[in-house]
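So the chains spell out like this:
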Amino acid sequence: MKKYNIAVVGATGAVGEEIFRILEERDFPVGKLVPLASARSVGKEVEFKGTNYKVQELTHTVFDEENVEIAFFSAGGSVSAQFAPSAARAGAVVIDNTSHFRMQDDVPLVVPEVNPNDIALWEKTGIIANPNCSTIQMVQVLAPLHQSFGIRRVDVSTYQAVSGAGKKGMEELVLQMQKFFDFSLESCESKAFPHRIALNLIPQIDVFLDNDYTKEEMKMVNETNKILHSNFAISATCVRVPVLRSHSEAITIHFQQEVSAKEAREVLAKAESVVVIDNPKEKQYPMPLIATDTDETYVGRIRVDNYDKKILHLWCVADQIRVGAATNAVRIAQKWISMQ
C-alpha cells in the first residue's frame, strides 16, 4: 500500500495528540510524520509507534519542504485561515478541524458515514472541513432516520464536556474541583468559561449572535443541513456541563410520518458507527462513561412522544475528541485515499 507524508498542525493540542493515537490504532499508511505547532512548541516531542518526533514550527513553506500529502489542521480557525491555503497550494489535501471553512460553498463538509461522496469536491480548494463535534454525532443518528422516514424538524439540547474547550477546559474543571474539596472554590477564576464550571451548568457555548442563539448553536443548525443536503428546521440549545469528556445530546425529531420506537431502533442498529443501548428497565442507556475513548456514537432512550406519534425523542453520546474531531478527520483521510 502506498504510504503518505502526514502533517499534523496543532500537534501538541488535545485533538492533535488524539490524531496520532488514531493513526497508530488504525495502522494508517504513514510514510513521513511531520508534527507542526507554533514557535513556542518547537522542540517538544510527540510519540508515534514507539518513535519520538520533534515538533517543527508551522510555516508557509514547510508543506513543500516536507512533501506533505495529507495535512490535518486542529490549531484554531485563525491558524487554518492563514496556513491551510499554503498546504493546499503545496499539493496536500487539508482536513481542517476548525470552523473557518465549514460553511464555504466550495469546501465539502464531511462525515464519512453520512456524505462520503462530498469528499470528491476537495479538489476545488484542496480543503475538506471537519464538522463541529456536536454536529457529527447528531448527523450520524439523523441521517439514517431521515433516509427512512423523512425529517421535518429537529430540536436538540446538548450537554457538552469541558474538553470541548481543549486542555484548558479540562484543567479548569479539575482545578476547581480540587479547590472545592479544599473549601476554597470561591477563590477560583474562570478563564476557559464565562462562569465557574465546577458544580454548575452554563447555557452558553461560544458568543451570542443577534438572534440570541450562540455561535455553537447556529453551527449545529447550518452544518447539519449542509451535510445532509436538507432544509428542515433545527433549533439547538448548547450547554456546558462539568463532565471531562464526551458530549451528550437530547434530540427531539419530528417526522413526516408516524414512526415507532422499534422501527427507529432497527434503523439505527444498522447504521455505521452507531451503537444502540436502549434497555431502560435494566438501567442501560448511553453515558459519557461508556462513550469516552471509543469511536462510536451511542444512542438510547428512544421513545415516541406522548401526544404525537410523528415525534421521537432520543439520547445520544459520543467522545467529542475522537468521534467529534480526530476520528472523523482520520476517517475522512481513509475515505479520501480509497477514492484516489
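Before reading on, note that the structure itself is shown above.
Okay, so let's go over this structure. (Residues numbered from 1 in each chain as written. Predicted model: local features only at pLDDT ≥ 70, side-chain atom pairs only at ≥ 80, totals over all residues. Heavy atoms only, no water.)

## Some words on the overall build of the protein chain
Here is the rule we go by: Starting at the N terminus, helices and strands are each numbered in turn, a helix being any DSSP run of H or I of at least four residues and a strand any DSSP run of E of at least two. Within these notes, the globule rule equals 2.2 Å times the number of residues to the 0.38 power, and the radius of gyration is based on C-alpha atoms. Only protein chains enter the calculation, and the probe is 1.4 Å; a residue is then buried if its accessible area is under 20% of its type maximum, exposed if over 50%, and partly exposed in between. For this analysis, residues touch if any pair of their heavy atoms sits within 4.5 Å.
A tally of regular secondary structure across the protein chain gives nine helices and 14 strands. Taken over the C-alpha trace, the protein chain has a radius of gyration of 20 Å; the compact-globule value for 340 residues is 20 Å, and the two agree within 12%. Counting only C-alpha atoms and orienting by the principal axes, one finds that the protein chain spans roughly 65 × 55 × 40 Å. Within the span of the protein chain, comprising 340 residues, buried residues form 54% of the whole. Relative to all contacts within the protein chain whose residues are 6 or more apart in sequence, the contacts with residues 24 or more apart total 67%.

## Some thoughts on the nonpolar core
Where we set the bar: Only buried residues count toward a nonpolar core. Its members are Ala, Val, Leu, Ile, Met, Phe, Trp, Tyr and Cys residues joined through side-chain atoms within 4.5 Å.
Grouped together as the largest cluster of nonpolar side chains are 60 residues, with contacts concentrated most on Phe63 and Leu145. Top contributing element to this core by residue count: helix α4 (residues 133-149), with eight residues. Core analysis: the next-biggest nonpolar cluster, separate from the first, contains 32 residues, Phe72, Val110, Ile128 and Ala333 among them.

## Some remarks on the packing of aromatic side chains
The following threshold applies: Two rings from Phe, Tyr or Trp (for Trp, the six-membered ring) form a pair when their centres are within 6.5 Å of each other. A pair whose planes differ by under 30 degrees is stacked, one over 60 is edge-to-face, and the rest are tilted. As a reminder, the over-ring test applies to NZ of lysine and CZ of arginine, requiring each to be within 6 Å of the ring centre and within 35 degrees of the ring normal.
Under the defined criterion, the tally for this structure stands at six aromatic pairs. With 6.1 Å between their ring centres and 65° between their planes, Tyr4 and Trp336 make a pair best called edge-to-face. Of this pair, Tyr4 sits in strand β1 (residues 4-9) while Trp336 is found in helix α9 (residues 322-339), placing the two residues 332 residues apart along the sequence. Look at Trp336 and you get buried, because its relative accessible area is 7%. The ring centre of Tyr4 lies 4.7 Å from the NZ or CZ of Lys2, which sits over that ring.

## Let's talk about the pairing of β1
Stated formally: Any two strands between which DSSP finds at least two bridges are classified as paired. The definition of a right-handed crossover adopted here requires that, viewed with the strands pointing away, the path from the first strand over the helix to the second runs clockwise.
Taking burial as the measure, the six residues of β1 include six buried ones, the bulk of the element. Neither face of β1 is left uncovered, since the one carrying Tyr4, Ile6 and Val8 and the one carrying Asn5, Ala7 and Val9 both have all their residues buried. Direction of pairing for β1 relative to strand β2 (residues 30-37): parallel, over a ladder of five bridges. Note that in β2 the partner of Ile6 across the bridge is Leu33. For the crossover from β1 across helix α1 (residues 14-25) to β2, the handedness is right-handed. Pairing analysis gives four bridges linking β1 to strand β6 (residues 70-73), with the strands arranged parallel. For Ala7, the partnering residue across the bridge sits in β6 and is Ala71.

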